[in-house]
Amino acid sequence: MRFALGLALALATAAASRASATLVMALDLPTMVGRADRIAVVDVVSVSAAWNERHDRISTSIELTVVDCWKGALPAGARLTVRQPGGTVGDITTTVDGMPRFSPGERALVFLRGPAARSAVVGLTQGKRPLRRDPASGRWMVAGPERAGADFVRPTAAAAAGAPVLEARTRSLDEVRAEVQTQVQTGIRALAPAK
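Keep in mind the model is a prediction, meaning the values are calculated, not measured.

A. The nonpolar core, seen in detail. Val33, Ile39, Trp70, Leu109, Phe111 and Val180 are the most contacted members of the largest nonpolar core, which has 17 residues in total. Among the elements that make up this core, the one with the highest residue count is helix H4 (residues 173–191) (four residues). The contact partners of Val33, leaving out residues within four places of it in the chain, are Ile39, Lys71, Phe111, Val180, Gln183 and Val184. Formed by 16 residues, the second largest nonpolar core is a distinct cluster that contains Ile62, Cys69, Phe102 and Val121.

B. The side chain of Arg38, seen in detail. Along the chain, the position of Arg38 falls in strand E2 (residues 38–51). Buried within the structure, Arg38 lacks any salt-bridge partner; its nearest side chain of opposite charge belongs to Asp37, at an N-O separation of 4.8 Å. Apart from residues no more than four positions distant in its own chain, Arg38 is found in contact with Lys71, Gly72, Leu74, Leu80, Val110, Phe111, Leu112, Arg113, Gly114, Pro115, Ala116 and Ser119.

C. Quick look at the confidence of the model for the protein. Looking at the protein as a whole, the pLDDT averages 83, with 78% of positions reaching at least 70. Predicted confidence for residues 1–18 stays below pLDDT 50, and this span has one contact to residues more than four positions away or in other chains.

D. Broad picture of the layout of surface pockets. Taken as a whole, the second largest pocket holds about 310 Å³ of empty space. The wall of the second largest pocket is formed by 18 residues, among which Thr60, Gly86, Gly87, Thr94 and Arg101 lie closest to the centre. Residue assignment for the lining of the second largest pocket shows that the elements contributing at least two residues are E2, strand E3 (58–71), strand E4 (79–85), strand E5 (87–89) and strand E6 (92–94). With three residues, the top contributor of residues to the lining of the second largest pocket is E2.

Calculation notes
Residues numbered from 1 in each chain as written. Predicted model: local features only at pLDDT ≥ 70, side-chain atom pairs only at ≥ 80, totals over all residues. Heavy atoms only, no water. Core = buried A, V, L, I, M, F, W, Y, C linked by side-chain atoms within 4.5 Å. Buried < 20%, exposed > 50% of the residue type's maximum accessible area, 1.4 Å probe, protein only. Helix = DSSP H or I, 4+ residues; strand = E, 2+ residues; numbered from the N terminus. Contact = heavy atoms within 4.5 Å. Lys, Arg positive; Asp, Glu negative; His and termini not counted. Salt bridge = Lys/Arg side-chain N within 4 Å of Asp/Glu carboxyl O. pLDDT = per-residue confidence, 0-100. 1 Å grid on protein atoms, 1.4 Å probe; cavity = no way out; pocket = protein on both sides within 12 Å on 5 of 7 lines; lining within 4 Å. Points joined across faces, edges and corners; volume = space filled by probe spheres on them.

Next up, the structure:
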């Protein structure tokens, strides 16, 4: 009896915590590349939040400096601004589950859409991949996206094929760059007029 009660309580707790997350459609790399106007390795310069004019919503502006651009025409040193809902102003915080979190001084790989002065990440938290330097090899490594309060779901066809919900393993930046550049070139060829 105690085991059944404990199991029921554990299942109810898991269901309640899962219900509070934002459901996000898991995007594979070709989809991420296709939807992005710009893909770049960036350094986060600053993160600032402010109220809107009506003082009923908080939004955050993230200033980025381009280190290496893989898609879109941005030179190293160019500035980008990502804007997203939520943030902290004074002692008030609004949280939007599924939004990526940025910290000044960090380096990340980002998939962005929209104008450079007001970009948005593609696929919510999937559009930002944290980078870290491997202490043994000195190589930059790309981590999978942070969950940020999101549960990722697969399209029915991908689920039936057994495709992973999300690329979670850490890979070298060089490996990811090669894969993205292949996808960018594939997209360019697909858009070229037939001869």
